[in-house]
Amino acid sequence: MQLFVRDHTPKNALFLAPYDMPMGGFRIHSDRKVLVCYRDCGIIGFDYKAAVEWYKRINDIKSFKVYTGAPVEDAVLKAILKYKVNYIVFMKYYGPPGDTSIFKKIYENSVFSLFRVL
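Worth saying up front: this structure is predicted, and the values here are computed from it rather than measured. Residue positions within a chain follow its written sequence, with the count starting from 1. With pLDDT at 70 or above as the cut-off, local features in this predicted model cover only qualifying residues; side-chain atom pairs require 80 or more to be listed or tallied, and sums for whole chains, interfaces and linings still use all residues. With hydrogens and water excluded, all non-hydrogen atoms of the structure serve as input to the side-chain values.

Side chains that differ in charge, positive against negative, can pair when their charged atoms come close. A pair is scored as a salt bridge if a Lys or Arg side-chain nitrogen falls within 4 Å of a carboxyl oxygen belonging to Asp or Glu. Going through the model one piece at a time under the given rule, you end up with 10 salt bridges. The residue E53 makes a salt bridge to R57 at a minimum N-O spacing of 2.7 Å. Linking E53 with R57, this pair stays in helix 4 (residues 48-60), spanning four residues, or about one helical turn. Burial classification: accessible surface area is computed with a 1.4 Å probe over protein chains only, and a residue below 20% of its type maximum counts as buried, one above 50% as exposed, and the rest as partly exposed. Take R57: its relative accessible area is 23%, and that puts it in the partly exposed class. With a closest N to O distance of 3.9 Å, D60 and K78 form a salt bridge. On the criterion of sequence distance, the pair formed by D60 in helix 4 and K78 in helix 5 (residues 73-81) is long-range, its members being 18 residues apart. By definition, any uninterrupted DSSP run of H or I lasting at least four residues is a helix, any uninterrupted run of E lasting at least two residues is a strand, and each is numbered from the N terminus.

This is the structure:
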């Protein structure tokens, strides 16, 4: 997924991806901005304003995890309306089955589904 994103999306695009991915985050090979990642706190931990922003973003999308039992709609709406994300990487098991009035599916693999926000 990260390599597809790197090769097929604008360099300045902002992504919502599950923030708790154990492999170290979505941006490593995609070379794209993500709304927030749980590992970022260690990097920005010495900057109080940045840490407060990180905490706010984590709370805004707290249900958007790799394994979630909670609905993700609120997190997705906040990401789109408040943070203006351009793309959303859903875990395949809880993403929309196809295009909607808000999303267009542009890629899927065995684990993830990638949607462009319209």
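On to helix 4, then. Here the expected span of a helix is defined as 1.5 Å times the quantity of residues minus one. When the terminal C-alpha atoms of helix 4 are compared, their 18 Å separation across 13 residues agrees well with the 18 Å that a helix rising 1.5 Å per residue should span. Residues of helix 4 that are buried include every one of A51, W54, I58 and D60, and no others.

Centres within 6.5 Å are what make two rings of Phe, Tyr or Trp a pair, Trp counting through its six-membered ring; a difference in plane orientation under 30 degrees is then read as stacked, over 60 as edge-to-face, and the rest as tilted. Inspection of the entire model under this criterion finds 10 aromatic pairs. With 5.7 Å between their ring centres and 65° between their planes, F64 and F90 make a pair best called edge-to-face. Placement of F64 in the loop between helix 4 and helix 5 and of F90 in strand 3 (residues 87-91) is noted, with a sequence separation of 26 residues between them. On the numbers, 5.5 Å between centres and 90° between planes, the contact of F90 with F115 is edge-to-face. Within this pair, whereas F90 is found in strand 3, its partner F115 is found in strand 5 (residues 112-117), the two being separated by 25 residues in sequence. The residues F90 and F115 share a single accessibility class, namely buried. One aromatic cluster in this structure is built from F64, F90, Y93, Y94, F103 and F115.

This brings us to unusual backbone geometry. What is expected of a backbone is that most residues other than glycine have negative phi and most peptide bonds are trans. A positive phi angle, close to 55°, is found at D31, a residue other than glycine. Locating D31 in the fold gives a position in the loop between helix 2 (27-30) and strand 2 (33-34). A residue is classified by how much of its surface remains accessible, and D31, at 41% relative accessible area, is partly exposed. In this structure, K84 takes a positive phi of about 60° despite not being glycine. You can see K84 is positioned in the loop between helix 5 and strand 3. Using a relative accessible area of 55% as the deciding quantity, one classes K84 as exposed.

Here we take up the pairing of strand 3. Counting buried residues in strand 3 gives five out of five residues, a clear majority hidden from the surface. Burial along strand 3 is two-sided: the residues Y87, V89 and M91 and I88 and F90 are all buried. As judged from the two bridges shared by strand 1 (residues 14-16) and strand 3, these two strands associate in the parallel manner. Opposite L16, over in strand 3, you have I88 as the bridge partner. Think of it this way: DSSP has to see at least two bridges between two strands before they count as a pair. Pairing analysis gives five bridges linking strand 3 to strand 5, with the strands arranged antiparallel. Across the sheet, residue M91 finds its bridge partner in strand 5, namely F112.

Read these as geometric descriptors, not functional statements.
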